[in-house]
Amino acid sequence: MGRKIAIVGAGAVGGYAGAHMVQAGEDVTFIDPWPEHVEHMRKHGLRVTHAMDVAEFSVPVRALHVTDAQQLAKEEPVDIAFVCMKSYDTAWATMLIRQYLAPDGYVVSLQNCMNEETIAGIVGWGKTLGCIASSITVNLPEPGHIHRGAGKGGAAHTVFRAGEVHGRITARAEEVCRLVGFSDSAKVTSNLWGERWSKLVANVMGNGLSACTGLPGGEVLQSEPLRRFSTRLGSEAIRVGQAHGYQLEEILHLPPETIARAGEGDEAAMRACDEQRF
């Protein structure tokens, strides 16, 4: 308690994690580039709903337009800044919040993809941490409303994995874990880069196919040609990650090697893949 937190990007992941922090009593300021979203949060708070087994809630929040962020200069500095933007917005979002960081403050990439190097290029490696949100399934369907298309992961699946770029377990990595842990299950990882690449593989297997076909993930899975193509994409991404030296973690609740072999035509691996994915 008592830490000043900024969430740059109050979209699906940032809004979800941040709303739970607010609900737990943390000092959180949201900064977002979507004017209608900010205005709705100011008037009505932030609403969080789930598709399964979790009661919805709303919390009053402090929300700033990007153009209002300069007022942070008149306040206590930010201890922890979560950047929760799309990858192509990482650099400017980090630049925006850098000037308001406390001397020992730091920036956490709570994003898809591997953006820690971009953040470190602006604030330095010593002020850069990462946090993966695995199978979180959240979206922003309308201003002021975050929806999760599932229930909580809980003990069945660890959703958040927070870590230092150098792999050591530190007090600040544990603090990030505590904060995101208000939302769902969380752990501190000593393998940030392996976790990052493993999440990248999962995204490779679904996001692009959904985008180019217009089909949701479940319908992609039901189509055998698309499912096989998805596995081939995952297989290639795994082999590239292994060639880079990453120690990959479980992907879609499957050992990486099983997906890799399935994409290379191993029939037993293909059956194991299909059984788990269905």
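The coordinates are above.
Since this is a predicted model, take the numbers as computed values, not measurements.

Rules used in this analysis
- Residues numbered from 1 in each chain as written.
- Predicted model: local features only at pLDDT ≥ 70, side-chain atom pairs only at ≥ 80, totals over all residues.
- Heavy atoms only, no water.
- Buried < 20%, exposed > 50% of the residue type's maximum accessible area, 1.4 Å probe, protein only.
- Helix = DSSP H or I, 4+ residues; strand = E, 2+ residues; numbered from the N terminus.
- Pairing = 2+ DSSP bridges.
- Right-handed = clockwise from strand over helix to strand, strands pointing away.
- Contact = heavy atoms within 4.5 Å.
- Axes fitted to C-alpha atoms, helices over the stretch in contact; angles between N-to-C directions.
- Parallel < 35°, antiparallel > 145°, perpendicular 65-115°, else oblique.
- Nonpolar A, V, L, I, M, F, W, Y, C, P; charged D, E, K, R; others polar.

Caption draft 1: Broad picture of the pairing of strand β2 (residues 27-32). Across the six residues that make up β2, a large majority, five, are buried. In this sheet, β2 lies alongside strand β1 (residues 4-8) in parallel orientation, the contact comprising five bridges. Considered in β2, the bridge of I5 is made with V28. Between the parallel elements β1 and β2, the chain passes through helix α1 (residues 12-23) in a crossover that is right-handed.

Caption draft 2: Examining the side chain of S235 more closely. The residue S235 is located in helix α8 (residues 224-244) in this model. Here S235 falls in the buried class, since its relative accessible area comes to 4%. Beyond its immediate sequence surroundings of up to four residues, S235 is in contact with I259, A260, G263 and E264.

Caption draft 3: Representation of the sheet that holds strand β11 (residues 160-164). Taken in spatial order, the eight strands make up an open sheet running β5-β2-β1-β6-β7-β8-β11-β12, and their pairing is mixed. Each edge of the open sheet carries a strand with a single partner, namely β5 (62-65) and β12 (186-188). Strand-to-strand twist in this sheet, taken as the mean axis angle between neighbours without regard to direction, amounts to 25 degrees. Note: β1 against strand β6 (residues 78-83), four bridges, orientation parallel. Opposite A6, over in β6, you have A81 as the bridge partner. Docked against the sheet, helix α3 (residues 90-98) engages β1, β2, β6 and β7 (101-109), running at close to 155 degrees with respect to β1. With respect to the sheet, helix α6 (residues 192-213) is in contact with β7, β8 (128-133), β11 and β12, its orientation differing from that of β8 by roughly 40 degrees.

Caption draft 4: Spatial organisation of the packing of α8 against helix α10 (residues 267-277). Direction vectors running N to C along α8 and α10 enclose 110 degrees, while the axes themselves pass 12 Å from each other. Taken together, α8 and α10 sit at an angle that is classed as roughly perpendicular. Across from R227, R228, S230 and T231 in α8, the residues of α10 making contact are M270, C273, D274 and R277. Across the contact of α8 with α10, the residue classes tally to two nonpolar, two polar and four charged.

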